[in-house]
Amino acid sequence: MEKLVSLAKRRGFVFQSSEIYGGLGSVWDYGPLGVELKKNLIERWWRSVVQEREDIEGVESAILMHPKVWEASGHVSSFTDPLVDCRQCKKRFRADDERIKGKPGEESAQCPVCGSKGTLTAPRMFNLMFKTFIGPVEDATSQVFLRPETAQGSYVNFLNVMQASRQKIPFGIAQVGKAFRNEITPGNFIFRTREFEQMEMQYFVKPGEDEEWFEYWHEERMRWHYDLGINPDKLRYHPHGPAELAHYAKRAEDIQYQFPFGWQEYEGVHNRTDFDLSRHQEYSGKKLQYVDPATKDRFTPYVVETALGVGRLFLVVMADAYREEEVEGDTRVVLGLHPSIAPVKVGIFPLVKKDGMPELARNIYKELQRLFAVFYDDGGSIGRRYRRQDEAGTPFGVTVDGQSMTDDTVTVRDRDTLKQERVSVDQLATYLTERLRP
Ligand code: GAP
């Protein structure tokens, strides 16, 4: 994990937020390579969940929503963690923090930071939503929340989307966007953060067909992760027991990855029943129902949700792709990312900075730039330049050498096999396009 974190910083994937000020707890920035990787992950998800389907529409709702949304959704009353404070050192912990010895609130309980005994308060519920104010007056009537999930923005737009798109049940609403949670025990790099992005899809179905659709989406989502090339041995389902189920869920199953710090969830598939639509109906007074055009049956749809964190998926693909190999007595660090998500697709290198090689390499760079994310590098030995692109996860390296100047061919190096093939310059774009297909 340490090596991955160090590579992420060194190569510009992830930086600590406000680093020059000492950082901000569990908030991270994405650097030049990171932002490309993240964008590619989102694009891949959007393409498969929205663009390649006739039954799913996209929305982008605002982060700030009417405060009643969060009363209706149950987040004001139930989105809480039990916390304890130490009266001595003023630190705050989750009540189930494994480092606490004894039962918080009792004399024998010991603070895990200052070691004082009997100073921990009894657990109190703490809401994880960030609060702010809308407008110039800062009082209870102007308080709003930063959304803790994108899902509610899709529910409150259920009627708008259905009417505008003329969709019939079953159909889905997908959304990608930021969410915020004031996590008390954040950590493990970008795994649990206070500001993060979600890719969520709410699938509205007829009550009674929810179990069937749950099975469908649960299979479909795992297949998506396999297609992305994630090692199947490191993927598993984790069904939620009654104690783990969120306040809205009838059934939930996580997709977990075996991170260096253990098996952890990175996507959830939830059967949310008609909980959310019914509650919004009750709190807004607006009917959020569907009338079956054939039978004229009127019902409040059930929802099967798929909820994936962009940052967690980012960490999964980085952890899964990271490898170290011995090559000719040297350690080669490679990010074996799926080509469709690699931040840079092709590195272009003149072997030396003379004899017309930089000029030809620049022309190739300009030509390929119209098709893919490419990177030109003429600094240092060719071996070092290959290594730099291996670490960035670049699938192909194109080298212009002496022979290129006589027969208009270049070498194409494959990141994974290390094999080099000679390809004529006029065939290069076709050669690479075929190999970079999603
Ligand atoms: N709308 C349902 C929902 O939000 P969730 O299981 O709380 O369900 C869904 O979150 C996904 O969002 C998680 O599987 C995870 O990938 C991501 N996620 C949740 N909290 C996160 C956090 N604090 N930091 C990073 N990602 C988080």
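What you see is a predicted model, and the numbers here were worked out from it, not measured in a lab.

Novice: Explain the nonpolar core to me, using residue names and the numbers behind them.
Specialist: Judged by nonpolar contacts, the single largest core of 53 residues is most densely connected at F13, L37, W45, Y266, L313 and V317. Sort the elements by how many residues they give to this core and helix α9 (residues 310-321) lands first, with nine residues. Leaving out residues up to four positions away in the same chain, V317 has contacts with L37, L41, L228, I230, L337 and I341. Residues I348, L368, V374 and V398 belong to the second largest nonpolar core, which totals 21 residues.

Novice: Tell me what's going on with the packing of aromatic side chains, and back it up with residues and numbers.
Specialist: Here the structure, examined in full by the defined rule, presents 18 aromatic pairs. With a centroid separation of 5.1 Å and 80° between ring planes, the pair formed by W213 and Y216 is classed as edge-to-face. Within this pair, W213 and its partner Y216 are both found in helix α7 (residues 210-227), separated by three residues, close to a single helical turn. Ring centres of Y257 and F259 lie 5.2 Å apart, and the angle between their planes is 80°; on these two criteria the pair is classed as edge-to-face.

Novice: Just give me the short version of the side chain of E253, but keep the residues and values in it.
Specialist: Tracing the backbone through its elements, the reader meets E253 in strand β12 (residues 251-259). For E253, a relative accessible area of 8% corresponds to the buried category. Here the side chain of E253 touches H218 through a polar contact of 2.9 Å, side chain to side chain. Beyond its immediate stretch of four places on either side in the chain, E253 contacts F214, H218, Y237, H238, P239, E267, G268 and V269.

Novice: Explain empty space enclosed by the protein to me, using residue names and the numbers behind them.
Specialist: In the structure shown here, the tally under the stated rule is one cavity of 30 Å³ or more. Size it by volume and the largest cavity reaches roughly 40 Å³. Lining the largest cavity, in full, are F349, Y386, Q389, D390, T394, P395, F396, G397, R413 and R415. For the lining of the largest cavity, the secondary structure elements donating two or more residues are α11 (382-392) and β21 (396-400). Looking at the lining of the largest cavity element by element, the count peaks at three residues for α11. Looking at the lining of the largest cavity residue by residue, the class counts come to four nonpolar, three polar and three charged.

Novice: Describe the site of the ligand, and please don't skip the residues or the numbers.
Specialist: Near the ligand you find 20 residues, and of these E149, E183, E200, E265 and E305 are the closest. The separation between a nitrogen atom of the ligand and a polar main-chain atom of T193 is 2.8 Å. In the environment of the ligand, an oxygen atom lies 3.0 Å from a nitrogen or oxygen atom belonging to the backbone of G309. Relative to its free-state accessible area of 560 Å², the ligand is covered by the protein chains to the extent of 92%. Among the secondary structure elements, those contributing two or more residues to the shell around the ligand are β10 (195-205), β13 (262-273) and β16 (302-309).

Procedures and definitions
- Residues numbered from 1 in each chain as written.
- Predicted model: local features only at pLDDT ≥ 70, side-chain atom pairs only at ≥ 80, totals over all residues.
- Heavy atoms only, no water.
- Core = buried A, V, L, I, M, F, W, Y, C linked by side-chain atoms within 4.5 Å.
- Buried < 20%, exposed > 50% of the residue type's maximum accessible area, 1.4 Å probe, protein only.
- Helix = DSSP H or I, 4+ residues; strand = E, 2+ residues; numbered from the N terminus.
- Contact = heavy atoms within 4.5 Å.
- Phe/Tyr/Trp six-rings, centres within 6.5 Å; stacked < 30°, edge-to-face > 60°.
- Polar contact = N/O pair within 3.5 Å; in protein donor to acceptor, adjacent residues only side chain to side chain.
- 1 Å grid on protein atoms, 1.4 Å probe; cavity = no way out; pocket = protein on both sides within 12 Å on 5 of 7 lines; lining within 4 Å.
- Points joined across faces, edges and corners; volume = space filled by probe spheres on them.
- Nonpolar A, V, L, I, M, F, W, Y, C, P; charged D, E, K, R; others polar.
- Near = heavy atom within 4 Å.
- Areas by Shrake-Rupley, 256 points an atom, 1.4 Å probe, with all protein chains shown as cover.

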